[in-house]
Amino acid sequence: MKEGIHPAYHPVVFQDASNGYAFLTRSTVKSDKTIKWEDGNEYPLVSLEISSSSHPFYTGTQRMVDTAGRVERFQQRYARQMRKKSDADGSDGK
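Nothing here was measured: the structure is a model prediction, and the numbers come from that model. (Residues numbered from 1 in each chain as written. Predicted model: local features only at pLDDT ≥ 70, side-chain atom pairs only at ≥ 80, totals over all residues. Heavy atoms only, no water.)

Draft legend 1. Expanded view of the pairing of strand β2 (residues 22-27). Bridge count for strand β1 (residues 10-16) against β2 is six bridges, and the pairing is antiparallel. For Phe14, the partnering residue across the bridge sits in β2 and is Phe23. Once β1 ends, the chain turns through five residues before running back antiparallel as β2, passing Gly20 with a positive phi of about 85 degrees. (Pairing = 2+ DSSP bridges. Helix = DSSP H or I, 4+ residues; strand = E, 2+ residues; numbered from the N terminus.)

Draft legend 2. Quick peek at the sheet that holds strand β4 (residues 42-48). With respect to topology, four strands assemble into an open sheet ordered β2-β1-β4-β3, the strand pairing being mixed. Either end of the sheet is taken by a strand with one partner, and the two such strands are β2 and β3 (34-36). The mean inter-strand angle of the sheet, taken between neighbouring strand axes irrespective of direction, is 45 degrees. Here β3 runs beside β4; their pairing, made up of three bridges, is antiparallel. Across the sheet, residue Lys36 finds its bridge partner in β4, namely Glu42. (Axes fitted to C-alpha atoms, helices over the stretch in contact; angles between N-to-C directions.)

Draft legend 3. Looking closely at the packing of aromatic side chains. Considering all chains together, one arrives at three aromatic pairs under this definition. Ring plane angle 25 degrees and centroid distance 5.7 Å describe the contact between Phe14 and Phe23, whose orientation is recorded as stacked. For the ring pair Phe74 and Tyr78, a centre distance of 6.2 Å and an interplane angle of 10 degrees mean the geometry is stacked. Of this pair, Phe74 and Tyr78 both sit in helix α2 (residues 70-89), separated by four residues, roughly a single helical turn. Three or more aromatic residues link up through ring pairs in this structure, and these residues are Phe14, Tyr21 and Phe23. (Phe/Tyr/Trp six-rings, centres within 6.5 Å; stacked < 30°, edge-to-face > 60°.)

Draft legend 4. Quick peek at the side chain of Ser27. Within the secondary structure, Ser27 sits in strand β2. Residues in contact with Ser27, not counting those within four places in the same chain, are Ala8, Tyr9, His10, Val12 and Phe14. (Contact = heavy atoms within 4.5 Å.)

Next comes the structure, spelled out in structure tokens:
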């Protein structure tokens, strides 16, 4: 590596603000806050809004919501188009 062109790569603690889950990894992120880690050392602390420990996809709490019947509206529109097409060409729509 060339000297002086790369950012400092150092241990950083990332903490999920929603549930307190924290993990130590290496990063180039800088922070003014610090935290004392399990090993007794002090590391920069970066707060996260969401992490894999609180994200609905990774925790299995994700719900598929059909907002305002979008699927039904699409199916109705598609069915109308198929009826128009079958009426125009005299077929049964398949």
